[in-house]
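# Examination of the molecular architecture
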Amino acid sequence: MTVEVKPAQHFIDGEFCDGEQQLTFPTLNPTTNEVITEVAEGTAADIERAVAAARRAFRDGPWATMTVQERVQLLHAIADGIERHGEELATLETLDTGLPIAQARGQAARAARNFRYYAEMATHLTGESYPVDHTFLNYTMRRPVGVAGLITPWNTPLMLSTWKIAPCLATGNTAVLKPAEWSPLTATKLAEIVRDAGVPPGVFNVVHGFGETAGAALVAHPHVPLISFTGESVTGKEIMRNGASYLKRFSMELGGKSPVVVFDDADVERAVDAVVFGIFSLNGERCTAGSRLLVARSLLETFAERLQERVRHIRVGDPFDEQTEVGPLIHADHCARVKAYIQSGEAEGARVAAKGTNPAHLSRGNFVPPTVFVATTHDLRIAQEEIFGPVLVVVPFDSEEEAVRLANDVSYGLAAYVWTDDLRRAHRVAQAIDAGMVWVNSHNVRDLRTPFGGTKMSGIGREGGLHSFEFFTEWKTVHVALGQHPIPRFGDQQEAEEGSALSPKQK
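Keep in mind that what you see is a predicted model, and the values were worked out from it rather than measured.

Conventions and cut-offs
Residues numbered from 1 in each chain as written. Predicted model: local features only at pLDDT ≥ 70, side-chain atom pairs only at ≥ 80, totals over all residues. Heavy atoms only, no water. Phe/Tyr/Trp six-rings, centres within 6.5 Å; stacked < 30°, edge-to-face > 60°. Lys NZ or Arg CZ within 6 Å of the ring centre and 35° of its normal. Helix = DSSP H or I, 4+ residues; strand = E, 2+ residues; numbered from the N terminus. Buried < 20%, exposed > 50% of the residue type's maximum accessible area, 1.4 Å probe, protein only. Contact = heavy atoms within 4.5 Å. Pairing = 2+ DSSP bridges. Axes fitted to C-alpha atoms, helices over the stretch in contact; angles between N-to-C directions. Core = buried A, V, L, I, M, F, W, Y, C linked by side-chain atoms within 4.5 Å.

## Brief notes about the packing of aromatic side chains
- Overall, the coordinates contain ten aromatic pairs when judged by the stated rule.
- Here phenylalanine 11 and phenylalanine 16 contribute two aromatic rings whose centre-to-centre distance is 4.9 Å and whose plane-to-plane angle is 50 degrees, an arrangement assigned as tilted.
- Counting every residue linked through ring pairs, the aromatic cluster contains Tyr117, Tyr118, Trp163 and Phe469.
- Sitting over the face of the ring of tryptophan 63, arginine 71 holds its NZ or CZ atom 6.0 Å from the ring centroid.
- It is arginine 110 that lies over the ring of tryptophan 163; its NZ or CZ is 5.2 Å from the centre.

Structure follows, in structure tokens:
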């Protein structure tokens, strides 16, 4: 599909607009590193305008008085728009990020499902009651908090932005989205879809720009009580520091170095399928990627041979080719970073067990061949640090205890994967690994009802299902007296005088 790509403007108070300072920056095609279009560069002034619009919509506009059912209808209308423009959104995502088109289509479909799921969830949002005999009825309700600052990453930007926008709007909040500067195109198209769905002006706003300027201004704004961020751990810590003075509420889904633990009784063929897909889909730019393969030593050679055969046949190439499985990385800077990790692994003595090939006719793109290392120790940089690219490191283990120790021997704790036919072992290991999510005999198959998030340096809080609503709502408790319960009467002079007139015996 051919799409017309216009300059990407901000979307503030229901209108597309340039920035206050008329600044722009280019977004690049990762396949060629050529400029796709210019993007408005937001500043603190643009954030101020967007927050003011969102605040008006929250407090004074029709959003403040809209019923749940009316909001639900708008969410379904947004989902309809995403589905109607699904091929265009997938094309823009592939053009801007290098994500293979077949995978981009799946992400666009998931974006629509996010809105439908949270629309349905909103109709089931209830409180609780606490009756006290016949004297009180106490009850709770969830209330929207206000303006949410949503800061999204450059990998699968469309899907991940809807993962935040949908529950934010479903619960009655308003939003200012700051997309990643490397992947702005689908955010602009999404704003158009939101506008055309009939969402009132100011409810949803987009300010493009850099984290150090637009992002920092959004985080520090006193009228933005909610910050939902997905990205790297270093940036997450900086965001929390910047927002601490206003006691903001944070949801942080950060980095990962997720282990895949394969025991000697596992279904090897299925495990190989899951390992290859888990690290090389989405070009390896996946927060939950199984980037560390911990394999029973007796399976090491067999597994390495299977990986070598599979990696050799992975189709690396033009992301618009329907057969492509791995495309270019998002940006030349990130490509250089991933290549530096590969050089580090070789320098530290890890053995390259498998390596794919780059397309010779696309030499200008940010391509990194799928690479598999076998390491004899777990303290190498490639085994400890998040690479966020198509690089897998394999480390053998000799016992269940060692497998768990190695799995936990990183600063991250987002996801983990366990492969074994021993049911008792599966439960033991799944519960022993320090991770927010563990899949047993499966790759990353999401259930939107379950909490998504990690431990340690992988983040704070959970998103998904009611857990997203916990973040985007504030509990309010109402106490209602049903009768004339006694109330102490401080300062009642008459009562005090009557009491003093009584004799000691009467008292």
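## Considerations on the environment of valine 372
- Mapped onto the secondary structure, valine 372 falls in strand β15 (residues 371–374).
- Judged by its relative accessible area of 1%, valine 372 is buried.
- In the structure, valine 372 is positioned 18 residues away from alanine 354 in sequence and 4.9 Å away in space, judged by C-alpha atoms.
- In this structure valine 372 touches Phe280, Leu307, Val311, Arg351, Val352, Ala353, Ala354, Leu392 and Val394, once residues within four positions along its chain are discounted.

## Observations concerning the sheet that holds strand β19 (residues 437–440)
- Read from one edge to the other, the open sheet built from seven strands follows the order β14-β15-β16-β13-β12-β18-β19, with strand pairing classed as mixed. In this open sheet, the two strands that pair with only one neighbour each are β14 (351–355) and β19. Strand-to-strand twist of the sheet, defined as the mean angle between neighbouring strand axes without regard to direction, takes the value 20 degrees.
- With respect to the sheet, helix α12 (residues 332–347) is in contact with β14, β15 and β16 (391–397), its orientation differing from that of β15 by roughly 30 degrees.
- Relative to the sheet, helix α14 (residues 400–408) contacts β12 (259–262), β13 (292–296) and β16, its axis offset from that of β16 by approximately 150 degrees.

## Quick notes on the sheet that holds strand β22 (residues 473–481)
- The strand order across the open sheet built from three strands is β5-β6-β22, with neighbouring strands paired in antiparallel fashion. Bordering the open sheet on either side are β5 (129–132) and β22, each of which pairs with just one other strand. Put simply, the sheet's adjacent strands are angled 20 degrees from each other on average, direction ignored.
- Here strand β6 (residues 136–144) pairs with β22 via nine bridges, running antiparallel. In the sheet register, methionine 141 faces β22, and the bridge partner there is lysine 476.
- The sheet strands contacting helix α16 (residues 465–472) are β6 and β22, and the helix crosses β22 at an angle near 75 degrees.

## Some words on the nonpolar core
- Among the nonpolar cores identified, the biggest contains 88 residues, and Val262, Leu293 and Phe303 are the most heavily contacted of them.
- Looking at which element gives the most residues to this core, the answer is helix α5 (residues 101–122), with nine residues.
- Excluding anything up to four places from it in sequence, phenylalanine 303 contacts Val262, Val268, Ala271, Val272, Val275, Leu293 and Val295.
- Val261, Val391, Val393 and Val418 belong to the second largest nonpolar core, which has 30 residues in total.

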